[in-house]
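Per-entry structural report
So the chains spell out like this:
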Amino acid sequence: MGTHSPSPWFPCWRINFDSPIESEKEIALHLDAVSSDQSWCLVGARSVGSERQLWAAWSATRKKEQSKTMSARSVEMEFILHLAGTQNIDLALKRAGICEGNEQAWLLHLPAMNPKGPSELDWRELEHEANRLARSILAEIKPLRPSMEMVDSEQLGIEKLSIHELDLLAHISLA
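Since the model is a prediction, treat every value here as computed from it, not as a measurement.

On to the overall build of the chain. Counting secondary structure elements, the chain contains seven helices and six strands. Ordered by position in the sequence, the α and β elements of the chain form the string β-α-β-α-α-α-β-β-β-α-β-α-α. Computed over the C-alpha atoms, the radius of gyration of the chain is 15 Å, within 12% of the 16 Å expected from 2.2 N^0.38 for a compact globule of 175 residues. Reported as C-alpha extents along the three principal axes, the dimensions of the chain are approximately 45 × 40 × 35 Å.

Applying the stated rule across the entire model yields six salt bridges. Arginine 145 serves as the salt-bridge partner of glutamate 51, at 2.9 Å between the closest nitrogen and oxygen. Here glutamate 51 is found in helix H2 (residues 51-66), whereas its partner arginine 145 is found in the loop between strand E6 (139-142) and helix H6 (153-156), with 94 residues between them in sequence. Classification of glutamate 51 as buried rests on a relative accessible area of 11%. For arginine 132, the salt bridge identified is with glutamate 129, shortest N-O distance 2.7 Å. One end of the pair, arginine 132, and the other, glutamate 129, are both in helix H5 (residues 123-136), three residues apart, so they sit about a helical turn from each other. On the basis of relative accessibility, which here comes to 7%, the residue glutamate 129 falls in the buried class.

Rules used throughout
- Residues numbered from 1 in each chain as written.
- Predicted model: local features only at pLDDT ≥ 70, side-chain atom pairs only at ≥ 80, totals over all residues.
- Heavy atoms only, no water.
- Helix = DSSP H or I, 4+ residues; strand = E, 2+ residues; numbered from the N terminus.
- Rg over C-alpha atoms; globule rule 2.2 N^0.38 Å.
- Salt bridge = Lys/Arg side-chain N within 4 Å of Asp/Glu carboxyl O.
- Buried < 20%, exposed > 50% of the residue type's maximum accessible area, 1.4 Å probe, protein only.

The following block contains the structure:
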């Protein structure tokens with residue numbers, strides 16, 4: 001049985017807020033207003049466990065966008081629906097969104113799609129933009145990548161004591 005190569009990094013950054021979130025709506029609206037394009041979003045710190053999970057949610061989102069079958073009005077919200085494994089926006093925000101009192105989150109860039117897959121990423125530019133956006137929402141980027149130890153399966157709605165990456169991938173298919 002052959003080994004598989006690791007997934008490429010998804011453009012995401014773990015951030016710590018200077019103080020607990022008082023209004024998730026205010027932060028989301030501010031991020032939307034100051035981002036260079038509409039491809040940035042925040043998700044809950046305990047909702048991301050692997051690069052593959054993020055790429056799978058991205059792929060499902062972009063496929064729905066291309067086929068004009070999105071359930072949400074924005075690509076960002078559609079992505080959160082897939083990450084949360086549901087078509088219910090309120091439930092998706094509870095499972096994978098940011099909430100009042102959170103002190104950490106993931107700042108994500110959702111790459112555009114071209115016929116061969118994700119558009120080529122300019123990591124230097126993305127890093128610069130991520131730092132600018134983090135500062136604008138009074139947060140600091142931390143040097144962490146997604147890992148299974150960071151996931152709260154109960155919050156995501158996965159009813160298993162011990163989860164694996166395949167569980168996260170299957171969860172995305174529920175949306």
